[in-house]
Amino acid sequence: MSCEVNFDGLVGPTHHYAGLAFGNLASIGHQGAVSNPRQAALQGLEKMRWLMDRGFIQGVLPPQLRPNFSVLRQLGFQGSLQAILTQVWQQSPHLLSMCSSASAMWVANAATVIPACDNESQRTVLVPANLLSHFHRSIEAAATTSLLRYVFADRNYFQVTAPLPAVAAYADEGAANHMRIALPRQAALHVFVYGNDANGGRTPSRYPSRQTREASAAIARLGGLAEQQVMLVKQNPEAIDAGVFHNDVIALSHDGLLLCHQQAFLNQLQVLDEVRSRSGDQVTIVQVPEADVSLQQAVSSYLFNSQILGGAAHRVLLLPVECEQDAAVKRYVETELRQQLALQEIAYVDLQQSMRNGGGPACLRLRVNLDKAALRALKGRLILDDELHEQLVALVQKEYPERLTLEQLADWQFTRQVMETTRNLYRLLDLPLALLDASL
Ligand code: SUG
C-alpha cells in the first residue's frame, strides 16, 4: 500500500523580492519589497507541522546554496568567492539577485513524479525540471538533480532521470503542470498540461507559456506510462494572460478528484468529457464557474493552489489565507466546495512571504507516492517528526535574517553567514555537504 508523502521546500535564507518572474503577477507586484526570510521559513515549517499533526507523512527538502557561484563562474566571473561577489555587484546587481534567488523553495517545480504503481518498471520515476523559462529558476536544475539522485538513490525503488534538454522546445516546469487522477479499478490517468506546442495553435499574447507539449510528452515516455494513461491538455491562453503561469494556479487533482476553474483549459468541455470517459466515469470533476470565482480572483486568492489531503473518511482542504480574505472565494469554499468535495475540514494557512512571490501551499510541495519499503530506502533525514521540526525552527530562528534587501546580498559577511546556515541545514538533515558543490 503506497501513500502520498508531501515534501516541502524549506525557504532559504536569501528569500527576497526581485520581480524576476514575468507573467507571475505577485512576483512583479512585489519587486523591491523588503523580505523576511526568517518569517518565510517559519511560515513554511508551520504548514509542514499542520500536516504532520494530522497524521500525514511530511518531508522536507533543503534550500540550495546561494548565491550560485558556479553559474557566476560560468558567466566569466573569476577569483575568490568574495572577489566574484564584489565584481557581480558592481557590474550587474540584477544578476546577483537572480543568482541569489531562493526560488528552489517551490518544489512543485523541482520535478515531475510518476509513482511506481503506475508504470511497468514499478519504480518511482522523477524527472527533474529544466525550468528554463526564467534564468533564476533554470539554475536550480543541476543542484536539484544531484539532490534527488542522492535522496532517491535506491534503484530498486527509484529512477531519477536527467532533466529534459535545456532548449525552448522542451521547456518544463515539473509537477506544477501535471495532475494524477487515481482510479479504483484501472491504472491512474495522468493529465499533463502545457501552454504551447511546435504545431502552433493559440498562444498567450501577454505572458510567456512555460511548458511545451513536447516536454510533457517526453516526461510521459520517461515515466513509462501507457498511452491510454496519458492526456496532453492545453492551458487556456487567456488564463496564462491573466497570470496563470502554472497549471497549479488554476486546477488541482487528488485521488479521483479534479478541481478546476471554468477557464483552465482550452476546449475545456471536450477535455473534461475525455477525462470522464478515459476514467470510466470514475472521476469526480468540480468546475468552479467564472460567475462564482472570476479568473482574476482565482489568481489573487490562489484558491486552486490549495492542497486536498486524506481519504474520503477525513478529507481536508488546506488553502492560503488569501482565500479567507476574499469574501466570494470564502463563501464558495465553505458552501460549494465543502459539499461537492465532501470536506471534513477546511483550514487556511498564512504563507504570505512566499505568496508575495506567487508561491502558495501547493507550489511549496512535491508529492511522492511511496510504500513502506520505498520510504525506508530514502537517504537523508527528511521525514519530519517533532524533534526535526523543533531543530529546524531553532536553526531558522537563530540564523535566518529577519529583513533582507538587495544591498545585503552584496555583503561578504552576510554571504558567509548564509552559506554557513545552508551547510548547517544539510548537516541537520543528514545530507552530504558535497551536494552543495554544484553551486560553488
Ligand atoms: O516560478 N516565483 C516563482 C513561483 C513558483 C510557484 N510555483 C508553482 N506555481 N508551482 C515562479 O514564478 C519569483 C521570484 C522573484 O521575483 O524574486 C518566482 O520565481
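These numbers were taken from a predicted model, which means no experiment stands behind them.

**Q** Help me understand empty space enclosed by the protein in this model?
**A** Rolled over the atoms, a probe as big as a water molecule pinpoints where empty space is left. In the structure shown here, the tally under the stated rule is 4 cavities of 30 Å³ or more. In this model, the largest cavity occupies a volume close to 220 Å³. What lines the largest cavity is a set of 23 residues, among which Ala21, Ser103, Trp106, His136 and Asn357 lie closest to the centre. A breakdown of the residues in the lining of the largest cavity according to their chemical character gives 8 nonpolar, 13 polar and 2 charged. Approximately 110 Å³ is the volume found for the second largest cavity. Considering the residues around the second largest cavity, the lining is formed by 14 residues, among which Pro62, Ala104, Val107, Thr144 and Leu147 are closest to the centre. The dominant element in the lining of the second largest cavity, judged by the number of residues it contributes, is helix H7 (residues 141-151), at 3 residues. Of the residues contributing to the lining of the second largest cavity, the split by class is 10 nonpolar, 3 polar and 1 charged.

**Q** What's the story with the sheet that holds strand E12 (residues 307-309) in this structure? I'm lost.
**A** Backbone-to-backbone hydrogen bonds join strands into a sheet, with any given pair of strands oriented parallel or antiparallel. Strand order across the open sheet formed by 3 strands is E12-E13-E14, with mixed pairing between neighbours. A strand with exactly one partner marks an edge of an open sheet, and here the two such strands are E12 and strand E14 (345-349). In this sheet, neighbouring strand axes are inclined to one another by 20° on average, regardless of whether the strands run parallel or antiparallel. Sheet topology note: the strand E13 (residues 316-320)/E14 ladder contains 5 bridges and is parallel. When the sheet's bridge partners are listed, Leu319 is paired in E14 with Tyr348. Where helix H13 (residues 327-340) meets the sheet, it contacts E13 and E14, and its direction lies at approximately 155° from that of E14.

Conventions and cut-offs
Residues numbered from 1 in each chain as written. Predicted model: local features only at pLDDT ≥ 70, side-chain atom pairs only at ≥ 80, totals over all residues. Heavy atoms only, no water. 1 Å grid on protein atoms, 1.4 Å probe; cavity = no way out; pocket = protein on both sides within 12 Å on 5 of 7 lines; lining within 4 Å. Points joined across faces, edges and corners; volume = space filled by probe spheres on them. Nonpolar A, V, L, I, M, F, W, Y, C, P; charged D, E, K, R; others polar. Helix = DSSP H or I, 4+ residues; strand = E, 2+ residues; numbered from the N terminus. Pairing = 2+ DSSP bridges. Axes fitted to C-alpha atoms, helices over the stretch in contact; angles between N-to-C directions. Contact = heavy atoms within 4.5 Å.

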